[in-house]
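Below are the chains, spelled out letter by letter.
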Amino acid sequence: MRNTGFRRTFVMLMASSVALTATACGSGDDDTADGKTRITVNCEPPKSAKVDRSFFDADIKAFEKANPDIDVVAHDAFPCQDPKTFDAKLAGGQMEDVFYTYFTDAKHVVDVNQAADITSYVKDLKSYSTIQQQLRDIYTVDGKIYGIPRTGYSMGLIYNKKLFEKAGLDPEKPPATWEELRADAKKIAALGKGTVGYADYSAQNQGGWHFTAELYSQGGNVVGEDGKKSTIDSPEGKAVLQNLKDMRWSDNSMGSKQLLVINDVQQMMGSGKLGMYLSAPDNIPILVKEKGGNYNDLALAPMPGGKGTLIGGDGYMFNKKDTPEQIKAGLKWLEHMFLTPGDGFLGDYARAKQNNAPVGLPEPRLFTGAADTKDQEVKKANANVPVENYQAFLDGNQSLQMKIEPPQAQQIYSVLDGAVSAVLTKKDADVDQLLKDASGKIDSILARG
């Protein structure tokens with residue numbers, strides 16, 4: 001679950017959802033009138049995102065110049081994948097030849113038989129072996145490859161260094177455990193004048209998303225390994241809800257206003273009234289560009305708890321109707337646009353810097369080995385944000401288990417929203433009963449598949 005669709009950081013996009021149109025279909029008709037191989041692709045930034053749109057279009061033109069036998073037809077969309085229309089497009093065979101997916105949807109697309117098997121083609125994708133294995137695995141089902149990762153993120157803790165100092169805390173030592181976070185939040189809230197120590201989401205499925213991240217950090221899981229039963233009714237699940245309840249009612253460190261969503265919390269952090277909240281690195285430029293924050297005040301730490309963190313991201317899959325020529329052309333396009341370290345739509349850091357985009361955030365981090373080294377070197381050379389503020393996040397992530405979102409994530413998050421909102425709005429909320437009830441509902445969701 002993400003609040004942005006492009007994983008892009010230099011333009012915050014606010015546009016309407018993509019319409020369901022028949023023109024988006026991948027027909028398998030790969031030849032243009034002049035004999036070129038044509039591919040349709042999506043996730044082109046909308047016209048309202050002028051800078052990103054210009055970069056995307058320029059990169060396509062450069063690709064077509066280097067590959068004169070390929071014609072790329074881009075379809076704009078924000079969000080890149082609209083949950084309201086995604087399944088309908090799948091069922092109607094209306095997906096582009098090369099189409100965007102969240103990590104959590106990869107297996108579903110394969111299960112409904114709408115993805116092309118590209119296993120025999122990735123050998124020609126020179127960057128494939130440089131992508132993090134755990135990200136590649138997301139698009140591998142039963143030993144067959146169905147997609148290519150484009151970005152990856154992991155959750156961490158954003159905190160306000162200025163408030164840490166005012167509260168007598170060391171801004172270079174963020175909390176490493178939930179006990180430390182609770183103590184720090186209490187000191188920050190004691191500053192008064194509407195200052196909140198720690199904030200969390202509890203509505204619009206976002207509370208369930210954060211519950212999952214917090215559960216992972218405690219070493220727990222939402223669903224068992226077989227994917228058939230809920231595992232939230234556990235000591236780890238109880239620790240998550242009890243901690244939130246205690247901070248809300250015993251410590252008064254979470255403020256009185258609850259049922260918050262991401263925009264509420266971002267407003268609080270940007271205005272300098274919030275000490276800490278969970279997020280991925282892509283929130284930082286939003287806090288600065290839209291909410292009034294300052295890069296120098298905002299730092300990033302790994303998830304408290306030290307056991308795990310939630311990861312997510314996106315990639316591209318191929319329409320099952322694609323011809324071999326279209327699959328080959330699509331892989332070439334992905335390599336050019338997204339998979340060349342330090343270059344392309346997501347990696348041209350020099351271009352981003354010239355357009356006043358933040359360069360130097362610790363994620364997305366897609367590559368390994370020499371490719372990662374090159375990508376990081378180019379990023380560092382063009383950095384225009386205080387990269388030292390994110391070092392704790394980079395160091396701490398090395399020891400965390402990276403876990404993807406659970407199956408049927410949005411339905412499960414809706415159930416967990418109820419548990420999280422209850423402990424934050426009802427002083428007498430029964431944690432054990434909330435977990436028992438939520439667990440039963442999740443079992444029913446999993447049973448329906």
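Quick note: structure is the one above.
The notes below deal with the structure included here. (Residues numbered from 1 in each chain as written. Predicted model: local features only at pLDDT ≥ 70, side-chain atom pairs only at ≥ 80, totals over all residues. Heavy atoms only, no water.)

## Some words on the overall build of the protein chain
Stated formally: Secondary structure elements are defined from DSSP: runs of H or I of at least 4 residues count as helices, runs of E of at least 2 residues count as strands, and each element is numbered from the N terminus. The globule rule is 2.2 Å times the number of residues to the power 0.38, and the radius of gyration it is compared with is taken over C-alpha atoms. Think of it in three bands: with a 1.4 Å probe and only protein chains considered, a residue is buried below 20% of the maximum accessible area for its type, exposed above 50%, and partly exposed in between. Should any heavy atoms of two residues lie within 4.5 Å, those residues are considered in contact. Residue burial considers only the protein chains on display, and all accessible areas are found by Shrake-Rupley using a 1.4 Å probe. All tallies of charge rest on Lys and Arg as positive and Asp and Glu as negative; His and the ends of each chain are not included. By convention, charge coordinates are those of NZ in Lys, CZ in Arg, CG in Asp, or CD in Glu.
Along the protein chain, the regular secondary structure elements total 17 helices and 12 strands. Computed over the C-alpha atoms, the radius of gyration of the protein chain is 22 Å, within 12% of the 22 Å expected from 2.2 N^0.38 for a compact globule of 449 residues. Residues classed as buried in the protein chain amount to 60% of the 449 residues present. Taking contacts inside the protein chain between residues at least 6 apart in sequence as the whole, the part at least 24 apart equals 78%. Here the protein chain displays about 18,300 Å² of accessible surface, and carbon together with sulfur accounts for 48% of that area. For the protein chain, the distance from the average site of its 52 positive side-chain charges to the average site of its 59 negative ones is 4 Å.

## Notes on the side chain of E44
Keep this limit in mind: Residues adjacent in sequence count toward polar contacts only when both atoms are side-chain atoms; beyond that, a polar contact is any pair of N or O atoms within 3.5 Å, and within protein one must be able to donate a hydrogen and the other to accept it.
Structurally, E44 is set in strand β1 (residues 37-44). Of the polar contacts made by the side chain of E44, one reaches the side chain of R53; its length is 3.4 Å.

## Regarding the packing of helix α8 (residues 235-250) against helix α17 (residues 431-448)
How we decide: Every axis in this analysis is a line fitted to C-alpha atoms, fitted for helices over the stretch in contact. Angles between the N-to-C directions lie between 0 and 180 degrees. Any angle that falls under 35 degrees is termed roughly parallel, while one over 145 is termed roughly antiparallel, one within 65 to 115 roughly perpendicular, and all others oblique. Helix crossings are classified by the rotation of the near helix relative to the far one: an anticlockwise turn of less than a right angle makes the crossing left-handed, while a clockwise turn makes it right-handed. In this classification, the charged set is Asp, Glu, Lys and Arg, the nonpolar set is Ala, Val, Leu, Ile, Met, Phe, Trp, Tyr, Cys and Pro, and all remaining amino acids, among them Gly, are polar.
Between α8 and α17, the shortest axis-to-axis distance is 10 Å and the interhelical angle comes to 130°. Viewed along their axes, α8 and α17 adopt a mutual orientation that is oblique. Considering the relative orientation of α8 and α17, their crossing is right-handed. Note on element contacts: α17 touches α8 through V431, D432, L434 and L435, opposite G237, K238, L241, Q242 and K245. A per-class count over the contact of α8 with α17 returns four nonpolar, two polar and three charged.

## Focus on the packing of aromatic side chains
To keep it simple, the criterion reads: Ring pairs are drawn from Phe, Tyr and Trp, using the six-membered ring of Trp, whenever the two centres fall within 6.5 Å, and their geometry is named by plane angle: stacked under 30 degrees, edge-to-face over 60, tilted for the rest.
The tally for this structure, following the rule as stated, stands at 12 aromatic pairs. Summarising the aromatic geometry, the rings of Y316 and F338 are spaced 5.7 Å apart at their centres and angled 15° between planes, so their arrangement reads as stacked. One end of the pair, Y316, is in strand β11 (residues 308-318); the other, F338, is in helix α11 (residues 324-338), and 22 residues separate them in sequence. In this structure, Y316 and F338 share a single accessibility class: buried.

## Some details on the layout of surface pockets
The criterion, for reference: The rule is simple: put a 1 Å grid over the protein atoms alone, call a set of points where a 1.4 Å probe fits but cannot get out a cavity, call an open set with protein on both sides within 12 Å along at least five of seven lines a pocket, and count a residue as lining if it has an atom within 4 Å of a point. Grid points are joined across faces, edges and corners, and a volume is the space filled by probe spheres set on the points.
Computed from the structure, the second largest pocket encloses a volume of approximately 330 Å³. Looking at the second largest pocket, it is lined by 16 residues, and the ones nearest its centre are Q132, Q134, E363, N397 and M402. Sorting the residues of the lining of the second largest pocket by element identifies α4 (133-138), β6 (147-154) and α15 (391-397) as the ones contributing at least two each. A class-by-class count of the residues in the lining of the second largest pocket yields eight nonpolar, six polar and two charged.

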